[in-house]
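What follows is the residue order along each chain.
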Amino acid sequence: MPKKKDAKKIVFQSADEMPMMPMSIGSMLYNKTGSWRNIRPEIRLEDCIQCGICWKFCPDMSIGIENELPVVDYDYCKGCGICAEECPVKCIVMVEERK
Amino acid sequence: MKKVMMGNHALSYGAMLSRAQVIAAYPITPQTQVVELLSEMCADKTLDAKFIKVESEHSAMAACIGASITGARTFTATSAQGLALMHELLHWASGGRLPVVMGNINRSMAPGWSIWSDQNDSLSQRDTGWMQFYCASNQEVLDTVIQAFKVSEALAIPSMVILDAFTLSHTYEVVDIPDKAKVDEYLPPFKPPYRLTPDDPHAFNGLTSPEHYFELRYKLQKDMEKVPALIEETGREYEKLFGRYLGLVDDYLCDDAEIILVTSGTAGYTARVAVDELRGSGVKAGNLRMKVFRPFPFEVVQRILMRAKKVAVVDRNISYGHHGIFAQEVKSALYGQAGDIPVFGFIAGLGGRDITPASFREVVDYTLSHDTPEDNILWIGVKK
């Protein structure tokens, strides 16, 4: 699996090359849904208690854990705010995006 | 072993002998006994399967899809409003190429609220990419479930095994229950080429751009086109093991017939009585009972009907603003064929009104006494 930044669009040249079902056709490698976001989660890591609730609740798997701390993947985070809502110590705040 | 059983239980036995691994279902009259018996079989370990209780038919099919994508052999059953509620998920199963097998008991769509039989529920799902088998006896129901799994899994296309409410679902008949070891020989375990597993992670059924969607649909159609030959092949294989051939159609005295009735479901057996009577009075009649409706078996239908002078299709269904649905399809199959055979389209038995030998006598009397039909729909037994 290539890293997202190096991802190239997968284009099958014929029906025969394709799996019969829509399976791993790579559409999300270039379809960066983070661009839909109006508000972004920002995490004050100094207040984080490393409970993992934001990671668990994110419906788009856009929060990873690196060195025991949450990291938002802004390529895919749509800004739904569930992580901020669920954070027990309220160290995630939703901030308006600016162009 | 022979056993007297209702049509619904013939579906359950078919699923049990096929060793379904996941069953998710929601009860609805007249389907309830199908899943009632399966839940008992799961409880007493006659069948080693996970039985998932759900809160709706939409969820039942969703659970079947989830199970099937992991590589489990999956079965469910429903009827009428329940099937309609599944509609969205029927596309997910066929588009995701998941060989779920489902029993559907033909029940008329409400309103008026009805539990009795007609085919508008399943025929409303005609274009969802499911195979459709219409059965006429409890033996055929049981045998067809096993064959449906085999054909579905070979081509990754889901199947509906369909029977009439009450005239089959609740009617008791003698059924020969095939030997389990021989069924295992006929139907080996389900091994899909791709499945959802942590060992080989894949994303399924995600966003598909215009660059690829078209090809997926092309591939589904191309595989649908392989079904008729595979049904005949697996039907012969079934006959070798169990002595019963499972084909695309059941043609009765069609070889020299001048008038051929086209029927489906239990009415297809009633039609034989009418054919026998007609033969007795010197009329060369025959009956073509359609077993497989999707994919439509063009070749065999053309071959058989081309011999006739007149064709009378009896539909227990209607496409409002068009004709009876089998009549439409028969006409489309005969389009451009030599002979320009007149097709008479009759509609009978909606909402569970009985289709009797007398109904067929009326059909035949009309067809014999007219060169061409006076209308696109000829109504049998309606109080006009």
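Residues numbered from 1 in each chain as written. Chains lettered and ligands numbered in written order. Predicted model: local features only at pLDDT ≥ 70, side-chain atom pairs only at ≥ 80, totals over all residues.

What follows concerns the overall build of chain B. Per the secondary structure count, chain B includes 14 helices and 15 strands. Its C-alpha atoms give chain B a radius of gyration of 21 Å, within 12% of the compact-globule value 21 Å for 384 residues. With respect to the principal axes defined by its C-alpha atoms, chain B has extents near 65 × 50 × 45 Å. Looking at chain B residue by residue over its 384 residues, the buried ones come to 51%. (Helix = DSSP H or I, 4+ residues; strand = E, 2+ residues; numbered from the N terminus. Rg over C-alpha atoms; globule rule 2.2 N^0.38 Å. Buried ≥ 20, exposed ≤ 12 C-beta atoms within 10 Å, placed from the backbone.)

This next bit is on the domain arrangement of chain B. By convention, interface size is frequently given as the accessible area that disappears when the constituent parts associate. All names here are of chain B. Segmenting chain B into domains produces domain 1 (2-242) and domain 2 (249-380). Contact with domain 1, which involves 25 residues of that partner, is made by 22 residues of domain 2. Contributing elements (two or more residues each) for the side of domain 1 that touches domain 2: α6 (120-123), β6 (131-134) and α10 (227-242). The element that contributes the greatest number of residues to the side of domain 1 that touches domain 2 is β6, accounting for four residues. Residue composition of the side of domain 1 that touches domain 2, grouped by class: 13 nonpolar, eight polar and four charged. (Domains from an automatic or database assignment. Contact = placed C-beta atoms within 7 Å. Nonpolar A, V, L, I, M, F, W, Y, C, P; charged D, E, K, R; others polar.)

With that settled, consider the sheet that holds strand β3 (residues 50-53) of chain B. All names here are of chain B. With respect to topology, seven strands assemble into an open sheet ordered β3-β2-β4-β5-β7-β6-β12, the strand pairing being mixed. Across the chains shown, the open sheet's two edge strands, defined by having one partner strand only, are β3 and β12 (292-294). The sheet shows a mean angle of 20 degrees between the axes of neighbouring strands, taken without regard to direction. Of the strand pairs in this sheet, strand β2 (residues 22-25) and β3 are connected by four bridges, and their pairing is parallel. (Pairing = 2+ DSSP bridges. Axes fitted to C-alpha atoms, helices over the stretch in contact; angles between N-to-C directions.)

Listed by partner, the interface residues are 14 residues for chain A and 18 residues for chain B. In the side of chain A that touches chain B, the residues fall into eleven nonpolar, three polar and no charged.

On to the sheet that holds strand β15 (residues 378-380) of chain B, then. Hydrogen bonds between backbone groups are what pair the strands of a sheet, and the pairing can be parallel or antiparallel. Residue and element names in this part refer to chain B. Taken together, the six strands give an open sheet; going across it, the order is β9-β11-β10-β13-β14-β15, and neighbouring strands pair in mixed fashion. For this open sheet the edge positions go to β9 (249-252) and β15, each flanked by a neighbour on one side alone. Taken pair by pair, the neighbouring strands of this sheet meet at an average axis angle of 25 degrees, ignoring direction. Of the strand pairs in this sheet, strand β10 (residues 259-264) and strand β11 (residues 285-290) are connected by six bridges, and their pairing is parallel. Residue pairing across strands places L261 opposite N287, the latter belonging to β11.

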